[in-house]
Amino acid sequence: MITFEERRLRALADQGRWPELLGLYRCARAAAVARCDEPVAAAEAAPLGHLVAYGAPPELAARLFDRDGGPGTAAGAGDHDAGPLWEVLATRHSWRRLAPLLGPPAVRRLVAHTRVLLGEDLSHGAEPDPEGVPLALESWEVPCLEECGRVREYLPTGGARRALVPLPATREGLGPVELPPPGRPALGLTATRLLGGLAPWLEVACVRGSALDAVARLAPGPRPTDRPGRPVRPADPPGWERLAPGLWDTGRRGADRPAAGRSAAGRPLGGDALGGDRPHLRRVTGGHIPFCAAYPALVQAASDSPALGAANGRLTLWRALSAMTGGPRLPVPAAGPPGVDVPEVNALIARLRCFTWCEPADEVWYVHLAVEDPATGLAWAVSGAELDLPVPEFPVQS
């Protein structure tokens, strides 16, 4: 139900009384900070901030992030309603108009990368990215982005539209593929940790072998060490403890937990030790795809929270791809994160062999992808489904 206060605020927006709305936003946020804390204040003031970020002239809307109003009045990079306030602003104006107005470095960077995702080439019109992520879309980033929508489509009075991009999008071109036994895990790699951090509902595996060897680590169905009649559970890579979906501890193994494939006494387990059963062959419905076809789904998975914009997803994915190259990182100023080597990442994308597959439980939003790097002999698989979809990002109507 739309309240009287909401109607009054929207009436102010319709009348273009933006300085008054900005003042109300700052007062509301500062009062909430004094009463509670920053996260609560950001949440309470965000709907009003959305009105300003969407409709106000850029000279005034950019002041949402200025601290000239006093303590607790400025929005930060994490302030969001249906999406981050900086992303709402970035969808409304070009970088040329916003660049002279934005002060906070974190907000400037995210707005710049949002404009890049929307098609602007800022390689010569903005300060260099602190991690070296390119300020123009690479050739492999361009395909498929137009169809799915690169950034949320925000609505004037609040809310947003965003089409979910599952992977695989359809079963067209996919067929039955027989999986080999799971590949030998490669432990402790930074790239594995970064891929696991794309989304909390993704699981990740890294093996020395092919993409199918990695898929066999995550795909459902009986594993080669499962016996008929026993419940099937996903096999944890040796030496890894699962902390949460997509998160693994690679530095410890339970003292009473023998390594996979060995008995408690350390002897290898053969067919007799497993009950004499032969490994069960497994099949999935899948096929090979170019990496550019998977790129939109990965960016969206890495930015599925309303607190995260598409720019966060792009930056997170670039960090993971840079770690997958295995080469030295470029230095960056101060003590910032390691820089990315764009030519190395482009070379990686050119040689990656990608495989996607379907699972019986797939419904609305899911990602199943394995990538194989022939140069290093490593393969990664990420798989998961978002079962707890957020409430549709539309304003409530009376």
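For clarity, every value in this text was computed on a predicted model and none was experimentally measured. (Residues numbered from 1 in each chain as written. Predicted model: local features only at pLDDT ≥ 70, side-chain atom pairs only at ≥ 80, totals over all residues. Heavy atoms only, no water.)

Another aspect to go through is the overall build of the chain. Looking only at helices and strands, the chain has 13 helices and eleven strands in total. In the chain, the proportion of contacts linking residues at least 24 apart, taken out of those at least 6 apart, comes to 66%. (Helix = DSSP H or I, 4+ residues; strand = E, 2+ residues; numbered from the N terminus. Contact = heavy atoms within 4.5 Å.)

Where helix H11 (residues 291-301) contacts helix H12 (residues 310-324), the axes come no closer than 9 Å and their chain directions differ by 125 degrees. With respect to H12, the axis of H11 lies oblique. Side by side, H11 and H12 meet where Phe291, Tyr295, Leu298 and Val299 of the first sit next to Ala310, Gly313, Arg314, Leu317 and Leu321 of the second. The residue inventory of the contact of H11 with H12, partitioned by class, reads seven nonpolar, one polar and one charged. (Axes fitted to C-alpha atoms, helices over the stretch in contact; angles between N-to-C directions. Parallel < 35°, antiparallel > 145°, perpendicular 65-115°, else oblique. Nonpolar A, V, L, I, M, F, W, Y, C, P; charged D, E, K, R; others polar.)

Consecutive residues of a regular strand have side chains that alternate between opposite faces of the sheet. Where strand S3 (residues 175-179) lies against strand S8 (residues 282-289), five bridges are found, and the strand directions are antiparallel. Bridged to Glu178 within S8 is Arg283. Pairing of S8 with strand S9 (residues 353-358) involves five bridges; the strand directions are antiparallel. Of the residues in S9, the one forming a bridge with Ile289 is Cys354. (Pairing = 2+ DSSP bridges.)

Turning next to unusual backbone geometry. Between Leu167 and the following residue, Pro168, the backbone shows a cis peptide bond with an omega angle of 5 degrees. Residue placement: Pro168 occurs in the loop between strand S2 (160-161) and S3.

Before going further, it helps to examine the pattern of salt bridges. Think of it this way: side chains of opposite charge can pair up when their charged atoms draw near. Counted according to the given criterion, the structure contains 17 salt bridges. The salt bridge partner of Glu87 is Arg152, with a shortest N-O separation of 3.2 Å. Placement of the pair is Glu87 in helix H5 (residues 85-90) and Arg152 in the loop between helix H8 (145-148) and strand S1 (153-154), with a sequence separation of 65 residues. This pair shows no difference in class: Glu87 is buried, exactly as Arg152 is. With a shortest N-O distance of 2.8 Å, Glu141 and Arg314 are connected by a salt bridge. In this pair, Glu141 is assigned in the loop between helix H7 (105-117) and H8 and Arg314 in helix H12, connecting sequence segments 173 residues apart. Accessibility expressed as a relative area gives 0% for Arg314, which makes it buried. One connected set of salt bridges, linked through shared partners, spans Arg109, Asp129, Glu131 and Arg319. (Salt bridge = Lys/Arg side-chain N within 4 Å of Asp/Glu carboxyl O. Buried < 20%, exposed > 50% of the residue type's maximum accessible area, 1.4 Å probe, protein only.)

What follows concerns the nonpolar core. Among the nonpolar cores identified, the biggest contains 88 residues, and Phe65, Leu102, Phe291, Leu321 and Met324 are the most heavily contacted of them. Sorting elements by how many residues they give to this core places H12 first, with nine residues. For Leu321, the contacting residues outside a window of four places in its chain are Trp140, Phe291, Val345, Leu348 and Ile349. In terms of nonpolar packing, the next biggest core, distinct from the first, is built from 17 residues, Leu179, Ala214, Leu218 and Ala370 among them. (Core = buried A, V, L, I, M, F, W, Y, C linked by side-chain atoms within 4.5 Å.)

Residues lying three or four places apart along an α-helix face the same way, a consequence of the helix completing one turn every 3.6 residues. The buried fraction of H11 is high, at nine of eleven residues. Those residues of H11 lying buried are Phe291, Ala294, Tyr295, Pro296, Ala297, Leu298, Val299, Gln300 and Ala301.

What follows concerns the side chain of Arg314. A distance of 3.4 Å separates a polar side-chain atom of Arg314 from the backbone oxygen of Ala136. In this structure, Arg314 is in contact with His113, Val116, Leu117, Val133, Pro134, Ala136, Leu137, Glu141, Tyr295 and Val299, ignoring residues within four places of it in sequence. (Polar contact = N/O pair within 3.5 Å; in protein donor to acceptor, adjacent residues only side chain to side chain.)

Further remarks concern the sheet that holds strand S10 (residues 366-373). On the basis of which strands lie adjacent, the open sheet formed by seven strands has the order S3-S8-S9-S10-S11-S5-S4 and antiparallel pairing. Since the sheet does not close on itself, it has two edges, and those belong to S3 and strand S4 (184-185), each with one partner. Looking at chain direction, S10 and strand S11 (residues 378-385) are connected through eight bridges and run antiparallel. What sits directly across from Ala370, in S11, is Ala381. Sheet contacts for H11: S8, S9, S10 and S11; angle to S10, the most-contacted strand, approximately 135 degrees.

On to the packing of aromatic side chains, then. A full pass over the atoms with the stated rule returns four aromatic pairs. Taken together, the ring pairs connect Trp140, Phe291, Tyr295 and Trp318 into an aromatic cluster. Taking the ring centre of Tyr54 as reference, the NZ or CZ of Arg92 above it sits at 3.8 Å. (Phe/Tyr/Trp six-rings, centres within 6.5 Å; stacked < 30°, edge-to-face > 60°. Lys NZ or Arg CZ within 6 Å of the ring centre and 35° of its normal.)

Time to look at the environment of Leu198. You can see Leu198 is positioned in the loop between helix H9 (190-196) and strand S5 (203-208). Expressed as a C-alpha distance, the spacing of Leu198 and Val299, which sit 101 residues apart in the sequence, is 8.3 Å. Setting aside residues up to four positions removed in sequence, Leu198 forms contacts with Leu298, Ala301, Ala302, Thr316 and Leu317.

Below, the discussion takes up the packing of H12 against helix H13 (residues 342-351). With their axes 9 Å apart at the nearest point, H12 and H13 run at an angle of 80 degrees to one another. Comparing the axis directions of H12 and H13 gives the class roughly perpendicular. Together, Trp318, Leu321, Ser322 and Met324 of H12 and Val342, Val345, Asn346, Leu348 and Ile349 of H13 make up the contact between the two elements. Of the residues assigned to the contact of H12 with H13, the class counts are seven nonpolar, two polar and no charged.

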